[in-house]
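So the chains spell out like this:
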Amino acid sequence: MNDDDTSATNSGDIRTQYGQSYYPPVPTRFTQALRTNLLWQFLRFLVINARMLRMVRKH
Amino acid sequence: MARLVILGAGIAGHTAALHARRKLGRDHEVVVVSPNSKWNWIPSNIWVGVGVMTPEQVTFPLAPVYAKTGVTFVQGKATCIHPEGDAEGAQPYVDVLLTGPDTQGQSQKVPYDWLINATGPKLNFDATPGLGPNGNSLSVCTYDHADHAARGLDEAVARMQKGEQQTLLIGTGHGTCTCQGAAFEYLFNVEFELRRRGVRDKAKVIWISNEHELGDFGMGGMFLKRGGYITHSRVFTESLYTERGVEWITRAGVKEVGAREVSYETLDGEERTQNFDFAMLLPPFRGVGLSALDRQGDDITTELFAPNGFMRVDADYSGKPFEAWSPSDWPSTYQSPKYKNIFAVGIAFAPPHAISKPMVSAKGTPISPTPPRTGMPSGVMARQVALNVVDMMQGRATEPTRHASMARMGAACIASAGASLFGGTAVSMTMFPIIPDFEKYPDTGRDIGYTSGEIGLAGHWLKHLLHYGFIYKAKANPLWVVVPE
Ligand SMILES: Cc1cc2nc3c(=O)[nH]c(=O)nc-3n(C[C@H](O)[C@H](O)[C@H](O)COP(=O)(O)OP(=O)(O)OC[C@H]3O[C@@H](n4cnc5c(N)ncnc54)[C@H](O)[C@@H]3O)c2cc1C
């Protein structure tokens, strides 16, 4: 896209119709909240660590 | 007594040195040649570039670590390899231009029996006029560059605080760049900082890159299981950009960086421009420019190195078309086919071809990512090569027995999206294998069970832990060997 294309941030509206940011999925408030929820993220921390160790062990 | 010389003390060279030293008895010598007196945990340069870490926090002096472990350190820059020695004798050696404070400008012959080239990339800012810290854009590739970028960001923020609108352009500065992941991290950290400093509404943040689609990262992207679908990383990445109000320009080969404007060509062959007030654009990489001479003094550089300056190893360099690519094209022992006592690891080896599909613009300009070689595979291949060399030095093997092909290796990568202990996030990714294998996984190229990606605070905690964990390991502190590469 170029300067003259529909710009999401120019308009202050990230869902400008037919702009590049019109189509991608955006997270719900709940999904966003989970990303920094301490309890949930602690569990994810354990899961991600296990996943990465499994990867390390695979080679 | 045999002598192993390692060129480069980055992630690959330093890993190889520590493992070789650990395994070799004192009757063999390990020598590291590197121009910089400090070791740098490069992934954290991103945080230096937004001012949340200092260069001192991401570096440490190498000499005390090598003194402690018994590695000989030559502070200098290798310039030429003599794999057959010279007219005076058959002992192979490397010409080194010394760079230490007391030796600056002197040269030294460093003889070797075994050689590991881990010299990483030359940051090729010259490929694009105006690109780089000596031109009109910033970089985060070294800690000095990143420190400079942080000051540029502070200045842009100060202008925003005065009410000025600013355009921040972040991405790749040439049609053949790699390392999009690093630029992605910087983009998201800058965006996070702008919000933290209360000026996000004054900034237009734009991504520019040579990727065909967002989420390619030079790896052809990857497929992930999400919400009952198998989804390409493009969807995930576009979502992250949209959520943050970041615009994107893809399929772009930057051709020139002016004082406040970049000119770029698109895959369609169109010439376009984008203005900016702050630009961090990565350079393309090439080999560091080592040359090679045979015993008679004839130039054999092209026999040891590919045209891009990276070292030829046990890969298939026949230049097959994209449709004929195979995982077996990728090297597994990193041994030079010409000289069996020379190896190249990390960014220094020449990849047989790209991972993302090569694309050329309507005008014939290549605009697609070259293959990244991230920290984890660089470390793993360095360890395996070092252990193979140790076996051969100690007479336990006559050829390399361990293999570390990127086509049979997975990678874990954490891309920071904002540094804060309670409000930060990072994208945690795993993939297996690194090189897609469409023979084994016809639909996705990779094992979906091992390929994952998610964003959250947990990723930031992990990235923070890795920062301390890898610096601890690189300092060869007690039990360093249990920290995986
Ligand atoms: C900003 C940034 C962020 C990144 N973030 C991540 C990340 O989050 N995760 C990840 O996995 N990867 C990341 N990477 C990639 C990672 O840094 C590289 O994969 C890794 O550094 C490659 O290791 P290397 O040893 O091959 O090269 P380098 O680490 O570049 O080391 C090369 C070494 O060779 C030395 N050298 C150069 N020329 C000579 C010469 N002529 N003679 C002797 N020595 C020489 C250099 O001084 C250096 O010590 C990032 C890269 C950048 C630029």
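Note that this is a predicted model, so its numbers are computed, not measured.

Observations regarding the overall build of chain A
Stage number 1. Across its full length, chain A holds three helices and zero strands.
Stage number 2. Beginning at the N terminus, the succession of helices and strands in chain A can be written as α-α-α.
Stage number 3. Only carbon and sulfur atoms are counted for the fraction: they give 59% of the accessible area of chain A, which is about 4,000 Å².

With respect to a positive patch on the surface
Stage number 1. A grouping of Arg54 and Lys58 of chain A together with Arg408 and Lys440 of chain B is seen on the molecular surface, where their side chains present a positively charged patch.
Stage number 2. Secondary-structure assignment places Arg408 of chain B in the loop between α8 (375-393) and β22 (411-416).

Thoughts on the confidence of the model for chain B
Stage number 1. Scored by pLDDT, chain B comes out at a mean of 96, with 100% of its residues at no less than 70.
Stage number 2. Across the interfaces of the predicted complex, the ipTM metric reaches 0.88, alongside a pTM of 0.95.

Comments concerning the nonpolar core
In globular proteins that are soluble, nonpolar side chains generally tend to be buried together.
Stage number 1. Tyr186 and Leu194 of chain B are the most contacted members of the largest nonpolar core, which has 138 residues in total.
Stage number 2. Those residues in contact with Tyr186 of chain B that sit more than four places away from it in its chain are Ile46, Gly49, Val50, Val140, Ala149, Ile170, Phe278 and Met280 of chain B.

Description of the sheet that holds strand β17 (residues 271-275) of chain B
Residues and elements named next belong to chain B.
Stage number 1. Read from one edge to the other, the open sheet built from three strands follows the order β15-β16-β17, with strand pairing classed as antiparallel. Each edge of the open sheet is held by one strand with a lone partner, namely β15 (252-257) and β17. For this sheet, the mean angle separating the axes of adjacent strands, direction not counted, is 35°.
Stage number 2. With five bridges connecting them, strand β16 (residues 261-266) and β17 associate as antiparallel partners. Paired with Glu261 across the strands is Asn275, a residue of β17.

Focus: the packing of helix α5 (residues 180-196) of chain B against helix α6 (residues 233-243) of chain B
Residue and element names in this part refer to chain B.
Stage number 1. One way to put it is that α5 packs onto α6 with a least axis distance of 11 Å and a crossing angle of 25°. It follows from the interaxial angle that α5 and α6 lie roughly parallel. Pair α5 / α6 crosses with left-handed handedness. Where α5 abuts α6, its residues Phe184, Leu187 and Phe188 lie against Thr237, Leu240 and Tyr241.
Stage number 2. The residue inventory of the contact of α5 with α6, partitioned by class, reads five nonpolar, one polar and no charged.

Notes on the environment of Tyr317 of chain B
Residues and elements named next belong to chain B.
Stage number 1. Counting through the fold element by element, Tyr317 comes out in the loop between α7 (301-304) and β21 (342-344).
Stage number 2. Distance in space between the C-alpha atoms of Tyr317 and Pro351 is 8.2 Å, their sequence separation being 34 residues.
Stage number 3. Residue contacts for Tyr317: discarding those within four places in its chain leaves Met311, Arg312, Ala350, Pro351 and Pro352.
Stage number 4. Side-chain polar atoms of Tyr317 contact the backbone nitrogen of Val313, separated by 3.0 Å.
Stage number 5. Polar side-chain contacts of Tyr317 include one of 2.5 Å to the backbone oxygen of Ala350.

Examining a nonpolar patch on the surface
Residues and elements named next belong to chain A.
Stage number 1. Together, Trp40, Phe42, Leu43 and Leu46 line one region of the surface with nonpolar side chains, adding up to about 390 Å² of accessible area.
Stage number 2. Relative to the elements of secondary structure, Trp40 occurs in helix α3 (residues 38-58).
Stage number 3. Residue classification places Trp40 among the partly exposed positions, given a relative accessible area of 35%.

A few points about the side chain of Asn388 of chain B
Residues and elements named next belong to chain B.
Stage number 1. Take Asn388: it is sitting in helix α8.
Stage number 2. Side-chain polar atoms of Asn388 contact the backbone nitrogen of Arg402, separated by 2.9 Å.
Stage number 3. Beyond its immediate chain neighbours, meaning those up to four positions away, Asn388 contacts Pro400, Thr401 and Arg402.

Focus on empty space enclosed by the protein
Vacant regions in the atomic arrangement are exposed by a probe of water-molecule size rolled over the atoms.
Residue and element names in this part refer to chain B.
Stage number 1. Taken as a whole and judged by the stated rule, the model has three cavities of 30 Å³ or more.
Stage number 2. Around the largest cavity, the lining residues are Phe184, Phe217, Met222, Leu224, Ser233, Phe236, Thr237, Leu240, Val427, Met429 and Gly453.
Stage number 3. At the level of secondary structure, the elements contributing two or more residues to the lining of the largest cavity comprise α6 and β23 (426-431).
Stage number 4. Considering every element that reaches the lining of the largest cavity, the biggest residue donor is α6, with four residues.

Re the sheet that holds strand β10 (residues 166-172) of chain B
Within a sheet, each strand pairs with its neighbour through backbone hydrogen bonds, oriented either parallel or antiparallel.
Residues and elements named next belong to chain B.
Stage number 1. If you walk across this open sheet you meet the four strands as β14-β11-β10-β18, and the pairing is parallel. The open sheet has two free edges, formed respectively by β14 (247-249) and β18 (278-282), since each of these has just one partner strand. Between one strand axis and the next, the sheet turns by 15° as a mean value, whatever way the strands run.
Stage number 2. As judged from the three bridges shared by strand β11 (residues 203-208) and β14, these two strands associate in the parallel manner. Residue pairing for β14: Ile208 is matched across the bridge by Ile249.

About the criteria used
- Residues numbered from 1 in each chain as written.
- Chains lettered and ligands numbered in written order.
- Predicted model: local features only at pLDDT ≥ 70, side-chain atom pairs only at ≥ 80, totals over all residues.
- Heavy atoms only, no water.
- Helix = DSSP H or I, 4+ residues; strand = E, 2+ residues; numbered from the N terminus.
- Areas by Shrake-Rupley, 256 points an atom, 1.4 Å probe, with all protein chains shown as cover.
- Patch = residues over 30% accessible without salt bridge, like charges linked within 9 Å, V, L, I, M, F, W, Y side chains within 5 Å.
- Salt bridge = Lys/Arg side-chain N within 4 Å of Asp/Glu carboxyl O.
- Lys, Arg positive; Asp, Glu negative; His and termini not counted.
- Charge placed at Lys NZ, Arg CZ, Asp CG, Glu CD.
- pLDDT = per-residue confidence, 0-100.
- Core = buried A, V, L, I, M, F, W, Y, C linked by side-chain atoms within 4.5 Å.
- Buried < 20%, exposed > 50% of the residue type's maximum accessible area, 1.4 Å probe, protein only.
- Contact = heavy atoms within 4.5 Å.
- Pairing = 2+ DSSP bridges.
- Axes fitted to C-alpha atoms, helices over the stretch in contact; angles between N-to-C directions.
- Parallel < 35°, antiparallel > 145°, perpendicular 65-115°, else oblique.
- Left-handed = near helix turned anticlockwise from the far one by under 90°.
- Nonpolar A, V, L, I, M, F, W, Y, C, P; charged D, E, K, R; others polar.
- Polar contact = N/O pair within 3.5 Å; in protein donor to acceptor, adjacent residues only side chain to side chain.
- 1 Å grid on protein atoms, 1.4 Å probe; cavity = no way out; pocket = protein on both sides within 12 Å on 5 of 7 lines; lining within 4 Å.
- Points joined across faces, edges and corners; volume = space filled by probe spheres on them.

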